[in-house]
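Understanding the architecture of this molecule
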Amino acid sequence: MSHAAIIGVGSYLPERRLTNADLACMVDTSDEWILSRTGIAERRIVAEGEATSDMAAEAGARALADAGVDPGKVDLLIVATSTPDMPMPSAAALAQAKMGLSCPAMDVNAACTGFIYALQLGASAIESGRCRKVLVIGADTLSSIIDFTDRSTCVLFGDGAGAVLLRASKEPGVLGVHLGADGTGVEMLKIPAGGSAAPCTPERLAAHEQFVVMNGTEIFKFAVRRIPQVTRQALRESHLTVEDIDWLVPHQANQRIIDTIAERLGIPHDHVVSTIRDTGNTSAASIPLAIDALYTGGRLRPGQTLALVGFGAGVTWGAAIVRWTKKEDV
Ligand SMILES: CC(C)(COP(=O)(O)OP(=O)(O)OC[C@H]1O[C@@H](n2cnc3c(N)ncnc32)[C@H](O)[C@@H]1OP(=O)(O)O)[C@@H](O)C(=O)NCCC(=O)NCCS
C-alpha cells in the first residue's frame, strides 16, 4: 500500500479587511469585547463578485506551484466547503475549471471540520492505489451566510481558502485520522432556510433564516470536550502520544477554545498555531490557512509531527496526525 504525503501548500485571503472597529460601527459591540472573548482583531471579506471557487482556485494553484506539479497531473480535486458558489454545481467543479484541471472534482460538507474529512478522503484515494495526486482545498465565504445585524455571530467569521497537494509516497505522511459526527447536535449551529427542508421564501428571508444561528456556549463546551478526546484517538491510531506532537494546528474558532484544548492536552503554547487574530473563523479554510502560515513562516521542519484538529456544525469533529515530509524524500 502506498502512503499519502503533503508535497505542496498554498493559501488565499481576500484583500478587504473588516476590523473590530468597523464592526463596532455596524452592531453594538467593541474591539475590547471581541478581542478579549475571541482573540479576533480583524477578518478578510471577499470583493464584490468574488466567490468560494475563486478563492479555492487561487489557493489550489499556489499549492500546485509550491509542489512544482502541473495541473494536468492531478487525479482528484476535493473542496471542503459549506458555502459553495451556488447549490449546484459544486464549488469544486467551478474551481477545477478555473485552475485548468481535468480530473474529477467534488465538494465535501462537514462544516468547519471539512478539511479533516477531505484530507481523510484524499489520503484514502491514494492509499487504495486509485489516485497518485489529490488536491485538497478548504474554502469558505462565511460573509455570505452571516447576519451582519447579529452581534453574537457576525464578529466571529471571515473568508479565505487553503490547500494542500497530496502525493503517493514511500514514507507515511498522513499517519492517522479519526473522524466523528453526531447529527443530534444540529441545533448548536445551523442555517435554518435555503435547503430542501425550508426553501427560501420572502417570509423566511425577512426573518433572516438564511443566516447562521448558533448556540455559542454549547459549541464552546462541545469543542473543548471532544477535541482532546479525538486528538488522543488519532494519536493512538498513529502509535504516537501527545509528547510526539511538534505542532498543534487547531481549527481557528476562538482563542479561548484553542488555549483550553492545548491546556487539556498538555501542549505548550509555543507549539500551538494560532492565526485567528488576523482571519477570524474561516471554517473549512482555517486549518490549511494555519498550515500555510506555519510553512511560509519557515517554522516547519521535515520529520516534525502535526496534529490537525477541527470541529463544527453537524456536529462534526476530527483529528489528523501528519508527518511533515520534504518533497524530495517522498
Ligand atoms: C460566541 C462566544 C464568543 C461568546 O462568548 P461568551 O464569553 O460565551 O459570551 P456570552 O455568550 O456568555 O455573552 C456574554 C454577554 O456578551 C454579549 N455579547 C454577545 N456578543 C457580543 C458582542 N459581539 N459584543 C458585545 N457583547 C456581546 C451577550 O449578549 C451577553 O450579554 P448578557 O450577559 O447581557 O446576556 C463564545 O461562546 C464562543 O466563541 N463560542 C464558540 C462559537 C464557535 O466557535 N462557533 C463556530 C464553531 S465552528
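Residues numbered from 1 in each chain as written. Predicted model: local features only at pLDDT ≥ 70, side-chain atom pairs only at ≥ 80, totals over all residues. Heavy atoms only, no water.

Okay, the side chain of Arg43 next. Within the secondary structure, Arg43 is located in strand S3 (residues 42–45). Buried charged residue Arg43 carries no salt bridge. Nearest counter-charge: Asp22, at 7.0 Å. A polar side-chain atom of Arg43 sits 2.9 Å from a polar atom in the side chain of Asn20. (Helix = DSSP H or I, 4+ residues; strand = E, 2+ residues; numbered from the N terminus. Buried < 20%, exposed > 50% of the residue type's maximum accessible area, 1.4 Å probe, protein only. Lys, Arg positive; Asp, Glu negative; His and termini not counted. Salt bridge = Lys/Arg side-chain N within 4 Å of Asp/Glu carboxyl O. Polar contact = N/O pair within 3.5 Å; in protein donor to acceptor, adjacent residues only side chain to side chain.)

What follows covers the pattern of salt bridges. Applying the stated criterion across every chain yields a total of six salt bridges. For Arg151, the salt bridge identified is with Asp28, shortest N-O distance 3.7 Å. One end of the pair, Arg151, is in helix H6 (residues 151–154); the other, Asp28, is in the loop between helix H1 (20–24) and helix H2 (31–38), with 123 residues separating them in the sequence. In this structure, the salt-bridge partner of Glu187 is Lys190, at a minimum N-O distance of 3.1 Å. Overall, Glu187 belongs to the exposed group, its relative accessible area being 52%. Note on Lys190: relative accessible area 26%, which makes it partly exposed.

So, on to the site of the ligand. Taken together, 23 residues are adjacent to the ligand, and Thr29, Arg37, Arg151, Gly216 and Asn254 come closest. Within the side chain of Trp33, one N or O atom sits 3.4 Å away from a nitrogen atom of the ligand. Summarising the interface, the protein chains cover 71% of the accessible area of the ligand, which totals 970 Å² for the free molecule. When contributions to the shell around the ligand are tallied by element, the ones reaching two or more residues are H2, H6, helix H8 (216–237), helix H9 (255–265) and strand S12 (305–312). In terms of residue count, the dominant contributor to the shell around the ligand is H8 (four residues). Taken together, the residues of the shell around the ligand sort by class into ten nonpolar, nine polar and four charged. (Near = heavy atom within 4 Å. Areas by Shrake-Rupley, 256 points an atom, 1.4 Å probe, with all protein chains shown as cover. Nonpolar A, V, L, I, M, F, W, Y, C, P; charged D, E, K, R; others polar.)

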